[in-house]
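# Coordinate analysis (summary)
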Amino acid sequence: MRKVPLSKKQKRAEKIKKTLIHVGIWLLGLLIVIALGVFAVRGFGIKTVIIDQSMNPTLQNEDVVLLNKLSYKIGSPKRMDVVAVRIGASENSPTYVRRIIGLPGETVQIKDGKVYIDGDEYVAPGGIKGADGEMKVKLKKNEVFLLCDNRDEDIDSRNEKLG
C-alpha cells in the first residue's frame with residue numbers, strides 16, 4: 001500500500017492536534033498536583049492563627065501557620081519542633097503554638113533563669129534565653145516539655161493550664 005503525502009493543511013491540523021494533546025496532558029497533570037496538594041493540606045495539616053506574643057520573634061501575633069498532623073503518627077517529636085496545643089476539649093478552645101524543649105524520658109529543670117535538660121544547661125539556637133520560675137520535672141515516655149520562644153509568656157509547660 002502506498003503512503004499518500006499529507007497536504008500543508010493536513011500537516012498543520014496534525015501539529016495542532018499534537019500540541020493540544022500535550023497541553024491537555026500538562027493541564028491534567030497540573031490539576032492532579034493541585035488536587036493532591038489540597039488533599040494533603042486538608043487531610044494532614046492544621047491551619048492556625050497565632051493568638052498571642054508568645055512565639056516572638058519567630059512567629060508574630062496573627063501570623064497564619066500550617067502544621068503537619070501526620071508527622072508524629074509516623075515519627076517522634078524532636079527538640080525545637082513547633083507544635084500546636086489545644087487547652088480544653090472543645091473545638092472552640094484556643095490553640096497555642098509552642099516549641100518542644102524537653103523530650104520523653106528527660107528531666108527538665110528551670111533554675112536561676114536557665115533551662116537544664118538532664119543536668120546540662122540548654123541554650124536554644126537563635127539566642128533564646130532561659131525561663132523564669134523554678135521547677136524540675138521528669139517527663140514520662142508520652143510527654144514533652146513546651147516553652148514559648150518569648151519566655152516572658154507563661155502559657156507553656158510551666159503553667160498548670162498546659163502542664
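Below you will find a few notes about this structure.

The rules behind the values
- Residues numbered from 1 in each chain as written.
- Predicted model: local features only at pLDDT ≥ 70, side-chain atom pairs only at ≥ 80, totals over all residues.
- Heavy atoms only, no water.
- Helix = DSSP H or I, 4+ residues; strand = E, 2+ residues; numbered from the N terminus.
- Buried < 20%, exposed > 50% of the residue type's maximum accessible area, 1.4 Å probe, protein only.
- Pairing = 2+ DSSP bridges.
- Salt bridge = Lys/Arg side-chain N within 4 Å of Asp/Glu carboxyl O.
- Core = buried A, V, L, I, M, F, W, Y, C linked by side-chain atoms within 4.5 Å.
- Contact = heavy atoms within 4.5 Å.
- Axes fitted to C-alpha atoms, helices over the stretch in contact; angles between N-to-C directions.

### Details of unusual backbone geometry
In terms of backbone geometry, most residues other than glycine have negative phi values and most peptide bonds are trans. Notably, glutamate 62 is not glycine yet its phi reads approximately 75°, a positive angle. Residue placement: glutamate 62 occurs in the loop between strand E1 (45-49) and strand E2 (64-68). Phi is positive for aspartate 118, close to 50°, though the residue is something other than glycine. Considering the arrangement of structural elements, one finds aspartate 118 in the loop between strand E6 (114-117) and strand E7 (120-122).

### Topic: the pairing of E2
The alternating pattern of E2 places Val65 and Leu67 on a buried face, while none of Val64, Leu66 and Asn68, on the opposite face, is buried. Inspection of the sheet shows E1 paired to E2 by five bridges, in the antiparallel sense. Its bridge partner lying in E2, threonine 48 is registered against valine 65.

### Structural notes on the pattern of salt bridges
Going through the model one piece at a time under the given rule, you end up with three salt bridges. One salt bridge connects aspartate 52 with arginine 98, and the closest N-O pair in it is separated by 3.3 Å. Within this pair, whereas aspartate 52 is found in the loop between E1 and E2, its partner arginine 98 is found in strand E4 (residues 95-102), the two being separated by 46 residues in sequence. With respect to class, aspartate 52 is no different from arginine 98; both count as buried.

### A word on the nonpolar core
Formed by Ile101, Val108, Ile110, Val115, Ile117, Tyr122, Ala124, Ala131, Leu139, Phe145 and Leu147, the largest nonpolar core amounts to eleven residues. Where this core is concerned, the elements lending two or more residues are strand E5 (107-111), E6 and strand E9 (145-147). When residues no more than four places from it in sequence are discounted, the contact partners of tyrosine 122 are Arg79, Met80, Ile101, Val115, Tyr116 and Ile117. By size, the runner-up hydrophobic cluster in this structure holds six residues, among which are Met55, Leu59, Val65 and Val97.

### Description of the sheet that holds E6
Taken together, the four strands give an open sheet; going across it, the order is E7-E6-E5-E8, and neighbouring strands pair in antiparallel fashion. Every other strand in the sheet has two partners, leaving E7 and strand E8 (135-138) as the edge strands with one partner each. Each strand axis lies, on average, 25° off the axis of its neighbour in the sheet, ignoring direction. Bridging between E5 and E8 involves four bridges; their strand directions are antiparallel. If you follow valine 108 over to E8, its bridge partner there is valine 137.

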